[in-house]
Amino acid sequence: MADYASNISIKILSNYKIEINYIKKIYTVKVDHSIDGYNIDCDKKNMVIWGRPKLFNPASPQSSNVTILKINQPSIKKEIGIMGGVFDVFYLKNKPIVYIESGMEELLVNLTDGSFLEKKGYEAEPSDFEDCPDFFGKSYRRYPE
């Protein structure tokens, strides 16, 4: 049986538009923020994209927005404002949860519905995160470390 999940490619079309070619189906996703980075989970099912918002809202200032989507049906699941900018995102092993590392806070977000999870003293350990072989298009950083 073919490994269909490996048939993925990502192309950034503009500051606010990304193209996902998944099993020979092409999806275009427009976001309301720049595309400064993205990361795909090891199962190649979820994608988190982050960047600066198009419009700054002085009533609710944020440094970055995060978009969560499913790769096989890339309609936007959730957009979240994040204080302090996003440095990186990591997927937790065997859980539908993403850990978002920002300049102000670290957040746990449920990939199923985009809701924030309470940390209650949670401190991330490298062993908590997925560790899979890198694949072409797995991640992107506009500003590499």
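Structure shown above.
The structure presented is a predicted model; accordingly, all values stated were derived computationally and were not measured. (Residues numbered from 1 in each chain as written. Predicted model: local features only at pLDDT ≥ 70, side-chain atom pairs only at ≥ 80, totals over all residues. Heavy atoms only, no water.)

**A few points about the state of the cysteines**
Stage number 1. Applying the stated criterion to the full structure yields one disulfide.
Stage number 2. Note that cysteine 42 is cross-linked by a disulfide to cysteine 132, the S-S spacing being 2.2 Å. The sign of the S-S torsion, about -90°, decides the handedness of the disulfide formed by cysteine 42 and cysteine 132: left-handed. Of this pair, cysteine 42 sits in the loop between β4 (37-40) and β5 (46-51) while cysteine 132 sits in the loop between β11 (116-117) and β12 (139-141), placing them 90 residues apart in sequence. (Disulfide = S-S within 2.5 Å. Helix = DSSP H or I, 4+ residues; strand = E, 2+ residues; numbered from the N terminus.)

**A look at unusual backbone geometry**
Stage number 1. Of note in the backbone geometry, lysine 44 takes a positive phi value of approximately 60° without being a glycine.
Stage number 2. Topologically, lysine 44 is positioned in the loop between β4 and β5.
Stage number 3. The backbone of asparagine 94 sits at a positive phi, close to 55°, despite the residue not being glycine.
Stage number 4. Following the sequence through the fold, asparagine 94 ends up in the loop between β8 (86-91) and β9 (97-102).

**A few points about the packing of aromatic side chains**
Stage number 1. Under the counting rule described, the total for this entry stands at four aromatic pairs.
Stage number 2. Here the aromatic rings of phenylalanine 90 and tyrosine 99 are separated by 6.4 Å at their centres, their planes lie at 45°, and the arrangement is tilted.
Stage number 3. Accessibility expressed as a relative area gives 28% for phenylalanine 90, which makes it partly exposed.
Stage number 4. For tyrosine 99, a relative accessible area of 9% translates into the label buried.
Stage number 5. Lying over the aromatic face of phenylalanine 135, lysine 44 brings its terminal NZ or CZ to 4.4 Å of the ring centre.
Stage number 6. The ring of tyrosine 16 has lysine 54 sitting right over it, with the charged end atom 4.5 Å from the ring centre. (Phe/Tyr/Trp six-rings, centres within 6.5 Å; stacked < 30°, edge-to-face > 60°. Buried < 20%, exposed > 50% of the residue type's maximum accessible area, 1.4 Å probe, protein only. Lys NZ or Arg CZ within 6 Å of the ring centre and 35° of its normal.)

Remember, this is a structural readout, not a statement about activity or role.
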